[in-house]
Amino acid sequence: MLAGPLGRLVAYCARHAVLILCLAALLAGGAFLATATRLGVSTNTNELFSASLPWEQRSARISRDFPQTNNVLIAVVGADIPEQAQETAQALTQALGKQGTLFKTVRMPSDNPYLQHNALLFLTPPKLRALLNATIAAQPFLGQMAADPSARGLFQALGLIGEGLARGQANLATFAGPLRGFAANLTEAANGHPTPLSWEQLLAGSLVDQGGQYQFVITQPRLNYSSFQPGGAATAAMNRAIAALPDVKAGEAHVYITGSVALDDQEFATVAQGAVRELLGSLALITLWLLLAVRSWRILVPIVIVLLFGLLVTTGFAAIAVGTLNLVSVAFAVLFIGIAVDFNIQFSVRFRAQRNAQGGTMSIHDALAATGRETGVQILIAALATSAGFLAFTPTDFKGVSQLGLIAGGGMLMAFVGSMTLLPALLRLFCFRSPVREEGVTAARPVDAALRRYRRPVIAVFALLGLLGVVLLPWLHFDGDPLHTKDPKSPAVEALHLLIADPNTSPYSAEMLLPNLAQADALAVRLRKLPLVHDAMTLDSFVPSHQAQKLPLIQDAASLLLPTLFPFEIASPPDAAAIRAAALHTVAQLLPVLGKLPADDPLRAITSALQRLSTQPDAALMAANQALVRYLPVQLAQLRTVLQAKQVGLHDIPPAIAREWILPDGQAHVVVHIKGGISDNRTLHQFLAQVQSVYPDATGTVSIIVESANTIVRAFEIAAVSALAMITLILTVMLRRPRDVALVLAPLLLSGMLTVVLCVLLPQPLNFANIIALPLLLGVGVSFNIYFVMNWRAGLRGPLASPTAKAILFSALTTGTAFGSLALSHHPGTASMGRLLLMSLGCTLLATLVLEPALLPRRKQDPY
């Protein structure tokens with residue numbers, strides 16, 4: 001019914017080729033103008049899902065009410081000693097705070113007077129008692145250092161230990177840890193490599209790591225979403241500030257940049273890495289396959305022009321239909337080229353076959369008209385079915401693929417129009433003259449015969465594989481964690497993995513909002529009992545517990561230590577001669593008692609180091625003095641502060657902390673941290689299930705990961721069923737025979753099950769990036785099978801030896817080359833997309849070229 005009109009359309013376009021070319025140029029110009037003026041790209045991942053989803057609304061509410069955690073760029077500062085990390089973080093905070101044009105906020109959470117003043121109150125009673133007892137035991141030593149905070153004072157204090165040993169009054173077990181620290185540091189200084197001494201580690205020991213190994217500088221940069229790297233300017237400024245820090249220059253401190261902004265920006269950088277080289281290589285191979293398929297540059301060039309025209313027009317359609325592409329819908333170009341090239345190859349190969357059908361005597365015009373009558377309906381059905389498959393994704397809540405479905409669905413119709421109008425016009429203008437040769441794959445004739453002869457075993461094998469796919473379907477895994485699609489070697493991801501190991505800094509958490517603090521505290525008590533919960537924090541977590549028990553301990557220690565820490569007179573800074581004299585005097589005090597000490601006692605190493613240090617030049621002695629006491633004044637000041645702790649309550653918590661936990665109307669924020677080191681999908685699902693069993697409306701990063709994955713899976717389930725229904729309807733209307741519809745759909749479903757088998761056995765989990773392979777599987781599978789079934793209806797013998805099979809093979813090679821370039825990407829998500837696309841294409845090709853010929857019913861005229 002449509003063959004005649006389509007043939008006449010092709011003939012008209014060939015006859016008026018110049019007019020068609022001018023109209024196409026006008027349309028392409030309009031599409032280019034629309035693209036240049038209206039099309040944008042947003043890298044904002046928050047726009048990938050419908051705002052009407054309940055979990056998205058809960059997440060948006062938390063983000064709106066507590067914006068300080070949104071779109072952050074975090075500097076993670078580490079050093080060999082904690083004081084250096086803190087000093088570096090403070091310097092970086094000051095440097096970034098001056099750049100208001102790039103950063104909206106800059107803060108260092110640990111640098112808060114409230115937390116510093118009440119540090120002792122946040123310790124458990126046993127740890128507090130042990131720390132205070134050790135500090136009281138070191139009172140004479142601390143008194144000496146407070147009165148003379150220099151290397152001279154340190155050496156004199158070490159000399160007092162020698163005097164105590166001589167009298168039998170010193171208990172070195174209490175000072176074993178600090179003495180080992182002094183020995184190591186003095187030995188380095190004596191070797192000519194003075195390094196800063198950590199007085200915090202000497203005084204607090206293992207308690208230093210209780211707050212984590214790193215310091216953090218948390219910023220909110222001003223983002224430019226029109227750029228593929230919205231935080232690029234802020235990240236560059238942060239890198240410049242980091243490079244200028246003294247301890248970073250010296251290699252004594254290290255700063256890593258992470259946070260949502262850095263992760264998203266580096267993801268684009270990873271995708272772009274090597275993309276140009278891979279694209280050029282892919283284009284070269286695609287050109288080679290096209291040339292082998294059509295055997296003439298006079299056909300190759302029109303195909304390429306039509307592809308570029310169709311892509312440009314589809315891009316213009318995207319500019320009008322959606323305006324702004326998201327991180328998923330930008331992949332429409334891959335889908336368009338992967339399928340549209342098939343339409344053009346089918347038309348061109350059949351065109352060559354028509355030219356050769358009568359010994360090469362048929363005119364170009366007549367051959368084009370005959371090709372339109374023969375292939376027009378087939379390509380139309382393929383385009384309609386493919387478009388319907390894509391458009392089925394449009395109503396889903398996953399806006400990323402919803403946009404992709406709309407654009408790709410429209411693009412398929414434009415590809416059909418291009419192959420029926422512009423391609424014949426270009427072929428006519430290029431004045432193609434074909435040598436007489438057979439266009440099919442003659443070598444495949446024995447395979448045709450074998451498949452027909454052994455059709456039942458072939459069908460049985462595919463049926464078993466399909467059944468295996470159905471059995472394995474429940475094991476098909478969707479990895480919803482976007483972190484797993486990022487390059488694990490990128491700096492932002494490596495920095496994030498440092499944080500995941502510590503439950504206090506892990507990005508995996510759950511959040512909730514309660515009407516008031518009392519209800520929040522009651523909920524936190526219940527949440528803390530869950531197996532996978534490390535802690536549940538509210539504003540009340542910043543009020544130290546058991547203060548009635550802790551304050552007397554602190555006050556008793558303060559009564560003993562504070563008089564010592566506030567000396568009446570502080571010695572003036574020593575010169576090199578004074579330091580040398582102090583070192584020699586301490587050696588004289590220690591030498592007599594060394595015989596009483598074990599061979600590995602740190603006092604032996606200290607004595608040896610002081611002997612060698614006393615022989616060093618003045619400059620070396622002053623450098624050692626600077627390294628030894630660089631951080632002593634800060635620690636003495638901190639010790640004085642924490643020993644003056646008082647009773648605190650909710651009203652004492654500063655606004656900078658309180659606004660992260662309480663809203664002006666009294667609603668209270670609860671944050672639940674997962675146990676450290678856990679990041680696998682199964683455990684994240686279990687953690688969220690446990691939390692939601694107590695509070696069903698929980699949100700947070702874990703909820704976003706799990707719920708977004710569930711939304712995507714549901715969207716694809718609904719879309720897949722809708723797509724199959726629409727494709728079936730279109731095939732039923734166009735083919736009008738249930739048997740023919742089944743012949744098209746059976747290989748399509750089998751190829752889907754084969755893909756499931758490969759995904760489970762390899763394994764290749766589905767993720768945000770590669771799941772777009774599923775709509776492509778529908779599109780390519782329908783197109784390939786339609787050609788074979790319609791040719792069989794027209795009386796074709798030997799489907800694998802026909803020009804159709806040749807066109808399908810080279811179309812698959814062309815599409816597979818494009819996908820192969822994705823599989824070689826440095827970006828794990830893009831590479832997984834390329835792998836899954838190749839797998840699904842391979843399964844589709846196998847089902848089309850092996851199962852479909854076996855399925856085709858035998859006719860009387862068939863030789864086998």
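Whatever comes next refers back to the structure up there.
Cut-offs used in this document
Residues numbered from 1 in each chain as written. Predicted model: local features only at pLDDT ≥ 70, side-chain atom pairs only at ≥ 80, totals over all residues. Heavy atoms only, no water. Pairing = 2+ DSSP bridges. Helix = DSSP H or I, 4+ residues; strand = E, 2+ residues; numbered from the N terminus. Axes fitted to C-alpha atoms, helices over the stretch in contact; angles between N-to-C directions. Contact = heavy atoms within 4.5 Å. Core = buried A, V, L, I, M, F, W, Y, C linked by side-chain atoms within 4.5 Å. Buried < 20%, exposed > 50% of the residue type's maximum accessible area, 1.4 Å probe, protein only. Expected span 1.5 Å × (residues − 1). Patch = residues over 30% accessible without salt bridge, like charges linked within 9 Å, V, L, I, M, F, W, Y side chains within 5 Å. Areas by Shrake-Rupley, 256 points an atom, 1.4 Å probe, with all protein chains shown as cover. Salt bridge = Lys/Arg side-chain N within 4 Å of Asp/Glu carboxyl O.

Some remarks on the sheet that holds strand 4 (residues 215-221)
Within the open sheet, the four strands sit side by side as 3-4-2-5. Their pairing is antiparallel. In this open sheet, the two edge strands, each paired with only one partner strand, are strand 3 (103-107) and strand 5 (253-258). The mean inter-strand angle of the sheet, taken between neighbouring strand axes irrespective of direction, is 20 degrees. Of the pairings in the sheet, the one linking strand 2 (residues 73-79) to strand 5 comprises six bridges and is antiparallel in character. Directly across from I74, in strand 5, lies its bridge partner T258. Across the sheet, helix 11 (residues 232-243) lies against strand 2, strand 3, strand 4 and strand 5, angled at about 175 degrees from strand 5, the strand it touches most.

Observations regarding the nonpolar core
Soluble globular proteins tend to pack their nonpolar side chains together in the buried interior. With 129 residues, the main nonpolar core has F155 and M512 as its most contacted residues. If sequence neighbours within four positions are ignored, M512 has contacts with I62, L523, L527, A668, H669, V670, V672, V691, Y695 and A698. In this structure, A318, F398, M412 and I786 belong to the second largest nonpolar core, which totals 121 residues.

Here we look at helix 18 (residues 399-420)
Here helix 18 spans 32 Å end to end across 22 residues, near enough to the 32 Å set by a 1.5 Å rise per residue. A large share of helix 18 lies buried, amounting to 17 of its 22 residues.

Focus on a nonpolar patch on the surface
Taken together, L464, L467, V470, V471 and W475 make up a surface patch of nonpolar side chains, about 560 Å² in accessible area. Relative to the assigned elements, L464 resides in helix 21 (residues 455-472).

What to know about the sheet that holds strand 8 (residues 533-537)
Ordered by their spatial adjacency, three strands build an open sheet running 7-9-8, and the pairing between neighbours is antiparallel. For this open sheet the edge positions go to strand 7 (509-514) and strand 8, each flanked by a neighbour on one side alone. Looking at each pair of strands side by side, their axes are set apart by 15 degrees on average, direction ignored. With six bridges joining them, strand 7 and strand 9 (residues 668-674) adopt antiparallel strand pairing. Looking at strand 9, one finds that E511 is bridged to V671. Sheet contacts for helix 3 (residues 54-65): strand 7 and strand 9; angle to strand 7, the most-contacted strand, approximately 75 degrees. Of the strands in this sheet, strand 7, strand 8 and strand 9 touch helix 30 (residues 681-694), which is tilted by about 145 degrees from strand 9.

Describing the pattern of salt bridges
For side chains of opposite charge, pairing can occur when their charged atoms come near one another. Considering all chains together, one arrives at 11 salt bridges under this definition. The partner of R58 in a salt bridge is D697, and the shortest N-O contact between them spans 3.8 Å. Pair noted here: R58 is in helix 3 and D697 is in the loop between helix 30 and helix 31 (701-735), with a separation of 639 residues, a long-range link. For R58, a relative accessible area of 22% corresponds to the partly exposed category. You can call D697 partly exposed: its relative accessible area is 44%. Connected through shared salt-bridge partners, R737, R739, D740 and R793 make up one network.

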